[in-house]
Amino acid sequence: MAAIPGGADHAHDHDHHQPTGIMRWVTTTNHKDIGSMYLWFSFAMFLVGGVMALVIRAELFEPGLQVVDPDRFNQMTTLHGLIMVFGAIMPAFVGFANWMIPLMIGASDMAFARMNNWSFWLLPPAAILLTSSLLVPGGAAASGWTLYPPLTVQMGIGMDMAIFAVHILGISSIMGSINIVTTLLNMRAPGMTLMKMPLFCWTWLITAYLVIAVMPVLAGAVTMILTDRHFGTSFFNAAGGGDPVLYQHIFWFFGHPEVYIIAIPAFGVVSQVIPAFSRKPLFGYASMVYATSSIAILSFIVWAHHMYTVGMPVAGQLYFMFATMLIAIPTGVKVFNWVATMWRGSLSFETPMLFSIGFLFLFTLGGFSGLVLSMTAVDIQLHDSYYVVAHFHYVMVAGALFSAYAGAYYWLPKWTGHMYDEKLGKLHFWLSIVFFNMTFFVQHFLGLAGMPRRIPDYSLQFAEFNMISSIGAFGFGLSQLVFLVVVLKCIKGGEKASAKPWDGAEGLEWTVPSPAPHHTFETPPVFK
Ligand code: CU1
């Protein structure tokens, strides 16, 4: 091989000195290694957050207090939310981004390969900090994942640990997003214009901007809680001239775009999978890009639909109601495009397609219950009820988790070189979709009947639906172990995957030479 200083040979030379064993993973700058670590980490966190959900559902299996005391119960709801949002879903999609973006655009790696390593390795300490706060005096934050003051100004040291963990997790996702933006804008193969990028790349470009815009807002909000707690400020303390409602405004200015930080990469995955299993190109590519961008922009101007009950002026309520309803338009465009992609396609229903169609049905259902909640008059009745819990689990689980599964099954042959066990994959899908609906569909009825969220006990009238929901939750939790079996089996062996295992409209990432020419920013191109 001809010697190109700082070029391909540099990488080649490097191979001889590469650390092995655990040090390989600690020091790696390879986007595939880092992608795999993100995915494994997020699955581990998914199981930890899942166990907490099962503690919650065990307590709610029947009326009365049986499993945990109310304080522990509240700590479970808080950590379940924080872990699932920041530890499971977001890192999962950053894992997909790391694995697939360089392959999709023909880049050799992410732009900042070492920062990529750092972004990942910030996550385990943050996760340990957050979960170990259960062990300190007073226990973990018991405020719910939204960390509303004045409650959070008064809690014990577990709250400080949660704040610090949120800071670290935020830094990690900001660095990951800077890496993604830089990679997508600077390292595309010649000829790949922005409007030729696979849609997954587009969705991550938009998501990364959202992350960079709103994670610092959350960091600001929790830092203000921190200074209210320890440094004598009164941002959120009415006695000192502050206002607890201010926190809600700042938090939800982050929190609503956060919903789309979770959902938009999921849209991207589904937009890769549905065309492949329809043997057709994606319908309405340009409209997908514009719709996704519109959703992202609108997500900044609807935040107070989470706070209709704080006593805002009617004009404010009306504004936030109509602005929220506007989001249904670009979302409708996307759903229409996915359906039109399937229309008259040569469909097949392997596991990735099943999860994508499951996503399509159930995410749309979650969108409609969101539309119900967007109406101020209705929301004032349903605020802080199980209807809200049902709504956002349709968005988070059937939306984000199902599409993550769609992507994982779709790309497992690319990642491992083996086909996964299709029978087990389908079993995983059907168990998931049945138990998911058993868990969460009935929660709509609980909410409509007036059952409040974040409460460990309830009156007898809610008993039946809670029992159904809890059985569903345990079924759902156990079903996820099928996925673990599928992945381990697939890594260990199985039928060899061909270059185009789905025999259809797979994207560029399946055929691109890998690794591509060496041109990350950290080994600058040499001028000849
Ligand atoms: Cu929102």
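Residues numbered from 1 in each chain as written. Predicted model: local features only at pLDDT ≥ 70, side-chain atom pairs only at ≥ 80, totals over all residues. Heavy atoms only, no water.

**Here's the deal with the coordination of the copper ion**
Perfect tetrahedral coordination of a metal by four donors corresponds to 109.5 degrees between them, and perfect octahedral coordination by six donors corresponds to 90 or 180 degrees.
Okay, step 1: Protein-derived ligands of the copper ion are H256 (ND1), H305 (NE2) and H306 (NE2), with the metal-ligand distances lying across 1.7 to 2.0 Å.
Okay, step 2: Considered as a linear motif, the donors of the copper ion on their single chain read H-x48-H-H. Residue H256 is found in helix α10 (residues 244-278), and its partner H305 is found in the loop between α11 (285-298) and α12 (314-326); the two are separated by 49 residues along the sequence.
Okay, step 3: By relative accessible area, which is 6% here, H256 ends up buried.
Okay, step 4: Here H305 falls in the buried class, since its relative accessible area comes to 12%. (Donors = N, O, S within 2.8 Å, 3.2 Å for Na, K, Ca; no water. Helix = DSSP H or I, 4+ residues; strand = E, 2+ residues; numbered from the N terminus. Buried < 20%, exposed > 50% of the residue type's maximum accessible area, 1.4 Å probe, protein only.)

**A word on the packing of helix α4 (residues 70-105) against helix α6 (residues 123-132)**
Okay, step 1: The contact between α4 and α6 brings their axes to 11 Å, and the two run at 170 degrees. With respect to their mutual orientation, α4 and α6 come out roughly antiparallel. For the pair α4 and α6, the contacting residues are L79, L82, I83 and P91 in the first and L123, L130 and T131 in the second.
Okay, step 2: Split into classes, the residues belonging to the contact of α4 with α6 amount to six nonpolar, one polar and no charged. (Axes fitted to C-alpha atoms, helices over the stretch in contact; angles between N-to-C directions. Parallel < 35°, antiparallel > 145°, perpendicular 65-115°, else oblique. Contact = heavy atoms within 4.5 Å. Nonpolar A, V, L, I, M, F, W, Y, C, P; charged D, E, K, R; others polar.)

**Considerations on the pattern of salt bridges**
Okay, step 1: Enumeration according to the criterion identifies four salt bridges in this entry.
Okay, step 2: Two residues, D160 and R229, come together in a salt bridge whose shortest N-O distance is 2.9 Å. Here R229 lies in helix α9 (residues 199-230) and D160 lies in helix α8 (residues 157-186), a separation of 69 residues in the sequence. Exposure class is identical for D160 and R229. Each is buried. (Salt bridge = Lys/Arg side-chain N within 4 Å of Asp/Glu carboxyl O.)

**Digging into the side chain of T77**
Okay, step 1: As for its position among the elements, T77 is in helix α4.
Okay, step 2: A relative accessible area of 16% places T77 in the buried class.
Okay, step 3: From its side chain, T77 meets the backbone oxygen of N74 in a polar contact 2.8 Å long. (Polar contact = N/O pair within 3.5 Å; in protein donor to acceptor, adjacent residues only side chain to side chain.)

**A look at the environment of A291**
Okay, step 1: Inspection of the secondary structure puts A291 in helix α11.
Okay, step 2: On the accessibility criterion, A291 (5% relative accessible area) is buried.
Okay, step 3: Setting aside residues up to four positions removed in sequence, A291 forms contacts with P330, V333 and K334.

**Quick look at the packing of helix α17 (residues 422-448) against helix α18 (residues 463-492)**
Okay, step 1: It is at 8 Å that the axes of α17 and α18 come closest, and there the two elements cross at 155 degrees. Relative to α18, the element α17 is oriented roughly antiparallel. Every pair of crossing elements has a handedness; the one defined by α17 and α18 is left-handed.
Okay, step 2: Across the contact of α17 with α18, the residue classes tally to 18 nonpolar, 11 polar and one charged. (Left-handed = near helix turned anticlockwise from the far one by under 90°.)

**Observations concerning α17**
Okay, step 1: Taking 1.5 Å of rise per residue, 27 residues should cover 39 Å, and α17 covers 39 Å from first to last C-alpha, within 8% of that figure.
Okay, step 2: A distance of 3.1 Å separates the backbone nitrogen of K423 from a side-chain oxygen at the start of α17, and that oxygen is part of D421.
Okay, step 3: Of the residues flanking the end of α17, it is G450, one or two places downstream, whose phi is positive at about 105 degrees. (Expected span 1.5 Å × (residues − 1).)

Nothing here speaks to function; it is all geometry.
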